[in-house]
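# Structure at a glance
Okay, here's what each chain looks like letter by letter:
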Amino acid sequence: VYYSETSENFLALIKKEGGYTLEETEVFFEKVNDPILDAENEKTGTRVYTERDNDVIVLLDQSFQYSVEKNIEASFQVPMKINQSRLINFKLGNNTVLKTEDHALWIKKGEHKQELSKIYPEDSDESLTIVFAGDLDNDGQTDLFVNDIFHYNVWINYRLFLSSYAEEGQILNEVVKLTGVG
């Protein structure tokens, strides 16, 4: 995310009755004091917000325009917190499975298997939550949006995995990450 003096249009993933949709939304930017890094009069932080903050799951750029106003189905009930005592094994279609195994979250397609994240003990400060799983990039494959809290000092660690950006040997590719610490 960058700072802009003017508002910008983004696409917001919104939960609707019967599924999800991408809707165009105006995004605003405001310079704010970062209480950890800034002196009292400094403003190096950027607040990014919309008029629909409570509805927005994730903001995407205009490259997702082809999916605007289309129904986007979740692959399973989300959000879903995953830990070492809650094992999952979801068939996603196209011979693809999302599963937990060996203290990690994996995606498997045919014989190919890719580790996406570690999973953590239930009683630890670390956690993994699948925020959304569904076809965001309109290629017929499931994409993932997770919050991977890998350290006690991290309060958000959003990671977006898209199938259309997968490189050779991958099923999904992590295309963006937003981490908040402190």
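Chains are numbered independently. Their residues run from 1 in the order of the written sequence. Since the coordinates come from a predicted model, pLDDT governs what is reported: local features require at least 70, and pairs of side-chain atoms require 80 or more to be given and counted, while whole-chain, interface and lining totals use all residues. Heavy atoms throughout the structure, all of them, feed into the side-chain values; hydrogens and water do not.

### Points about empty space enclosed by the protein
Here a cavity means grid points, on a 1 Å grid over the protein atoms only, where a 1.4 Å probe fits yet cannot get out; a pocket means an open set of points with protein on both sides within 12 Å along at least five of seven lines; lining residues are those with an atom within 4 Å of a point. Grid points are joined across faces, edges and corners, and a volume is the space filled by probe spheres set on the points. Inspection of every chain in the model, using the stated rule, returns one cavity of 30 Å³ or more. Of the volumes computed, that of the largest cavity is approximately 60 Å³. Lining the largest cavity are Leu92, Gly93, Asn94, Thr96, Ile107, Gly140, Gln141, Thr142, Ser163, Ile171 and Leu172. Each residue is assigned to one of three groups, with Ala, Val, Leu, Ile, Met, Phe, Trp, Tyr, Cys and Pro labelled nonpolar, Asp, Glu, Lys and Arg labelled charged, and all others, Gly among them, labelled polar. Within the lining of the largest cavity, the residues separate by chemical class into four nonpolar, seven polar and no charged.

### A word on unusual backbone geometry
At the junction of Val78 and Pro79, the peptide bond is cis and its omega measures out at 0° in the coordinates. Positive phi, close to 60°, is recorded for Asn95, a residue that is not glycine. Locating Asn95 in the fold gives a position in the loop between strand 7 (89-93) and strand 8 (96-101). Exposure remark for Asn95: the relative accessible area of 59% places this residue in the exposed category. A positive phi angle, near 60°, is found at His103, a position not held by glycine. Elements are defined by DSSP. Helices are runs of H or I of four residues or more, strands are runs of E of two residues or more, and each kind is numbered from the N terminus. If you trace the backbone, His103 turns up in the loop between strand 8 and strand 9 (104-109). Throughout this description, buried means an accessible area under 20% of the type-specific maximum (1.4 Å probe, protein chains only), exposed means over 50%, and partly exposed covers the range between. The class of His103 is partly exposed, set by a relative accessible area of 48%.

### What about the sheet that holds strand 7?
Pairing between two strands requires that DSSP report at least two bridges joining them. With respect to topology, four strands assemble into an open sheet ordered 7-8-9-10, the strand pairing being antiparallel. The open sheet has two edge strands, strand 7 and strand 10 (112-118), and neither has a second partner. If you compare each strand with its neighbour and ignore which way they point, the axes differ by 20° on average. Examined bridge by bridge, strand 7 and strand 8 share four bridges and lie antiparallel to one another. Bridge assignment links Gly93 to a residue of strand 8, and that residue is Thr96. Only the stretch in contact is used when a helix axis is fitted, and all axes are lines through C-alpha atoms; the angle between N-to-C directions ranges over 0 to 180 degrees.

### Some remarks on the sheet that holds strand 12 (residues 143-149)
Sheet architecture is open: five strands sit in the order 6-11-12-13-14, paired in antiparallel fashion. Pairing within the sheet leaves two strands with one partner each, and these edge strands are strand 6 (80-82) and strand 14 (173-181). Neighbour to neighbour, the strand axes of the sheet diverge by 20° on average, direction disregarded. Strand direction decides the pairing type here: strand 6 and strand 11 (residues 127-134), joined by three bridges, are antiparallel. Opposite Met80, over in strand 11, you have Ile130 as the bridge partner.

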